[in-house]
Each structure stands twice: as structure tokens, then as C-alpha cells.
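# Summary of the model geometry
Now for the letters of each chain:
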Amino acid sequence: MTAFLIALAALIVGYFVYGKIVEHMFGPTDKPTPAIRHNDGVDYIPLPTWKVFMIQLLNIAGLGPIFGALGGAIWGPSVYLWIVLGSIFAGGVHDYLSGMISLREDGKSISEVVGNHMGSTMLFIMRVFSVVLLVLVGTVFMTGPAGLIAKLTGIAVTYVLPCVLLYYFLATLLPIDTLIARFYPLFGACLIIMALGIMGGMLLGIGGHTMPDMTLANLHPLGPEKMPIWPLMFITVACGACSGFHSTQSPIMARCLKDERLGRPVFYGAMISEGIIALIWATAGITFYDSTGGLAAAMKAGGAGTVVYDICVGFMPGVGAVLAMLGVIACPITSGDTAFRSARLTLADWFGVDQTEAKKRLMFAVPLLAIGGILSQMDFNIIWRYFSWTNQTLAMIVLWTGAVYLYRTKPGTKAYVIPMVPAVFMSAVTSTYILQAPEGLQLSTSISYPVGLVFAVVCLVLFLKTTVLRGTK
């Protein structure tokens, strides 16, 4: 229990202390935001701050901080360090900069933002990369909640899936205040009740379970040789620590903020909140099954959806379990709908197609949802693995973009160091993973570790050579 409470306190303190440092280095101004300048009644709409925060939180808090945290917890309480340090120093910085830079640049999608600062080649790569990731995210967050709804109601998943797909289509097509801004407060209530309820159940000792003590040991049942913490855990726990998907969502809310100074509570604050959700679920997984071995066996036997259901019922029996399950269902649905919406906006920015008219939104929404529907028939685990690596690679690119942006806009300061450090770290994580992963090159750690380190160093040298060192000449 002590380790959990210390980790929880660290996340909260991190928001108030390091979040304030990040905000100060960026320097919000009183200039009119895109929501004020370009109010079009569809995507650019000034919304109340509490709604913007809730939408941002639900956009980014999909199955990642739940399924990903449960998967990461199989390595043991060492996952706490990645959730806490990742959320504060990497994820929060990533989310804040992606949202605020987009806000400064008329709410452009993240691919356009990256291209503006990293060149035309990276612009094209990011456009393709972003759309692929968003469709994968939409698909992952379509099949996951459909399965959970089917388990909760007893209705066959083949009947549930088309209903989820229809909702995603409407959320992708309609103005943001028609569905998303209206229903998210209800979903948010479910999410908050779910998190607080499960945390309360653990702290009160419901079921006689004991919360884990802190250890840095690799407790994965398959052993450290087959399942090393580095880099596997850092890819598995993405959305609860640092996630590139978030950068595709932040521009949606950058088009709805009424003041630049709201960026810290909305972007940085939502990431810290997601870190808390991930911390709760990682702890719940180990606590409920009494060990990492028990959690791993349950995940293998029934899948993450069954694990979520069992934990909810165990810690929140009766009505509380239903509310908790609704919270878990709301998380992915409210990420999947905006994933497809963000894909539409990315394509619209790419091809310069105004989205005020419904027929112009349809030309992107229909094919995107059709592809998502087809992909939903694939194995969930396969889609998740590719989503995870793609997700973290995008985070790495966006962090490097943030470093370039801060160097150019804050001359004479060291502001660029704030995103540069996690960018180096994520460069090592993503390159090492793809070199040794089953879906990658399947190389041994004796090769992947040093090559991944070299790749990260090369990225750092290129950044310093093209920005900092060039600026001193």
C-alpha cells in the first residue's frame, strides 16, 4: 500500500511542480486562440474549460491505461517507476507541447505541426504514419469495448460491434458539440467512479487482498531472459506513461480552448490523470490475483477483458461493478470515436479540404470507418502489438519536434532540454523494441541493446548539430 500511495502522491506533486515549470518555459500569452479566431460551428468551437478537460481525458484514456497497465503489471511493481516518471517527464511534456504548438499554429493536426518544423519529408511520413496509427487506434478501441459490452449484457459481440461502429461514424461526422461534448460528462462520471471505486476497494482490503510492496526485480513469470523489462514494459505501458496517440488528439482540443493558459490543466493535467488511472489498474491487477503469476495466468486464460470484469466485480460488487464496467467501456469508446475524427481532420489538412460542409466530411469519414470495420475482424492481440510500437514511435517524433520548436522560439534558453531528454529515451525504447520484438527483426538483446543505444545517440547528435551547435556559430 505504501508504494502505491507514494506513487500516487508523486503524480499529483508532479502536476503542480513540473507541470508549472513546463508551462513557464513555453510561455502562454493572451493572444486569441483558434477557437475564437476560426469559430466554424463544427471543429473550431469555444467550449467550457471543464468540458475541454473531460473530452481530452476521455480522448486519451482508452484501453491503453487499463489493458496496457495490466500487461505492464506482469513485470511487477517496477512498472510504478515508468508510470510515474513517464507521465511527469515524458507523457505530460509530450501532450502539453503537442497541444500548445498546435494551438499556436491554428489548431493544425500533429502531422502538419511536425512537418512545419521537421521538413517536407517528415511531413509526408507523419501524414501517412498518423492516419495509419489513428485507424489502428480506432479499430483497437472498437473491438475492445464491443467485447466488454457483450460480456456485460450477454449480447453476441457480432451484434454489438455494428452499433459501436455506427456511433463512431456519427461522432466522426457531426459537429463536436453535437455528440462528444454532450455525452462525455456522463462517460467521465463513469470513469471517475470506476477509478475511485477500485482504488477504494484495494485500500479497504475488500476480498482480503494485499497490495504489493515496491521492488525493482523482474517478476515476469517467463523470466527476465525471455521477457526483459527493457524495452518490453516501456512499449506495453504506453498510454499510461507516454503515448504518441495523444498528440493526434490534442489538436482537437486546441481548436476548442478559449485561453492559452488553460493548456496546463487540459493537456498536462489530463496526462497526469491518465497516469493515475494506469497506476490504479496496474496495482489492481497484481493485488487481485495476489501475484504477477496469477495475473499472467488470468490474462492468458480469459484475456484482458475478463480480467477487467473480474477485478471490477471483486473490488466493487453489485451496482458498483456495473458502474465500473461502464467506466471501462467509456474509456475506449471515447478514444475510438475521436481517433477516427482526428484521422478525418488529418486527411482534411493534408489535402486542404474545408470541413464545414457535411458532404466533404463524408468523403473522408466513410472510407475510414469502412477500413476500421474490416480490421476489426482481425486478431485483437496482433493489432495491439503493432499499435503499441507505432504509438511510441510517434511519441518519439513529436518530442523531437517539441525540442526543435522550443529551441527556435525560445532562443537563449535551455527550454529545448525539457522535451529533448525524453526524446532521447523514447528513441532508445522504440529502436530497441523493433529490433528484438517478434513482430520486428527478432534479434538478440546482445545486438538490439547496443544498436538501440547508438540510434538514440545518433538522434541526439543530429539534433544538436542541426540546431544548438549551428546556432552558436
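Residues numbered from 1 in each chain as written. Predicted model: local features only at pLDDT ≥ 70, side-chain atom pairs only at ≥ 80, totals over all residues. Heavy atoms only, no water.

## Let's talk about the overall build of the protein
Scanning the protein from terminus to terminus reveals 18 helices and zero strands. Taking 2.2 N^0.38 as the reference for a compact globule, 473 residues should give roughly 23 Å; the C-alpha atoms of the protein span a radius of gyration of 21 Å, in line with that estimate. Projected onto the principal axes, the alpha-carbon positions of the protein cover approximately 60 × 50 × 40 Å. Relative to its full complement of 473 residues, the protein shows a buried share of 59%. (Helix = DSSP H or I, 4+ residues; strand = E, 2+ residues; numbered from the N terminus. Rg over C-alpha atoms; globule rule 2.2 N^0.38 Å. Buried < 20%, exposed > 50% of the residue type's maximum accessible area, 1.4 Å probe, protein only.)

## Examining the environment of G285
Positionally, G285 belongs in helix α12 (residues 263-288). Residue classification places G285 among the buried positions, given a relative accessible area of 0%. Distance in space between the C-alpha atoms of G285 and G208 is 14 Å, their sequence separation being 77 residues. Setting aside residues no more than four positions away along its own chain, G285 makes contact with L70, L295 and I311. (Contact = heavy atoms within 4.5 Å.)

## Brief notes about helix α11 (residues 245-254)
With 10 of 10 residues buried, α11 is to be regarded as a mostly interior element. Of all the residues in α11, the buried ones are F245, H246, S247, T248, Q249, S250, P251, I252, M253 and A254.

## Observations concerning the side chain of S109
In this fold, S109 is placed in the loop between α5 (79-104) and α6 (110-118). With sequence-adjacent residues up to four places away left out, S109 is seen in contact with P251, R255, T346 and D349.

## Focus on unusual backbone geometry
Along the chain, W230 connects to P231 via a cis peptide bond; the corresponding omega equals 0°. Residue position: P231 is located in helix α10 (residues 229-236). With phi around 65°, D106 is a residue other than glycine that occupies positive phi space. Within the secondary structure, D106 sits in the loop between α5 and α6.

## Some points on the nonpolar core
Core analysis: the biggest nonpolar cluster contains 149 residues, and Y168, I198, W281 and I311 have the highest contact counts within it. When residues in this core are grouped by element, the largest group, 14 residues, is from α12. Look past the residues within four positions of I311 in its chain and what remains in contact with it is L70, I198, W281, A284, G285, F288, Y289 and M316. (Core = buried A, V, L, I, M, F, W, Y, C linked by side-chain atoms within 4.5 Å.)

## Points about the packing of aromatic side chains
We describe a pair of aromatic rings using the distance from one ring centre to the other and the angle between the two ring planes. For the structure on display, the rule yields 19 aromatic pairs. Here W230 and F234 contribute two aromatic rings whose centre-to-centre distance is 5.3 Å and whose plane-to-plane angle is 65°, an arrangement assigned as edge-to-face. Within this pair, W230 and its partner F234 are both found in helix α10, separated by four residues, close to a single helical turn. Measuring from ring centre to ring centre gives 4.9 Å for F288 and Y289, while their planes differ by 85°; the resulting arrangement is edge-to-face. Side by side, F288 and Y289 carry an identical accessibility label, which is buried. A connected cluster of aromatic rings, assembled from ring pairs, spans W82, W230, F234 and F425. Across the ring face of Y15, the terminal group of R264 is positioned such that the distance to the ring centre comes to 4.9 Å. (Phe/Tyr/Trp six-rings, centres within 6.5 Å; stacked < 30°, edge-to-face > 60°. Lys NZ or Arg CZ within 6 Å of the ring centre and 35° of its normal.)

## Describing the environment of S102
Along the chain, the position of S102 falls in helix α5. You can call S102 buried: its relative accessible area is 0%. Considering only alpha carbons, one finds S102 and E112, 10 residues apart in sequence, at a separation of 8.9 Å. Discounting chain neighbours no more than four positions away, the residues touching S102 are L97, G107, K108, V113, P251 and A254.

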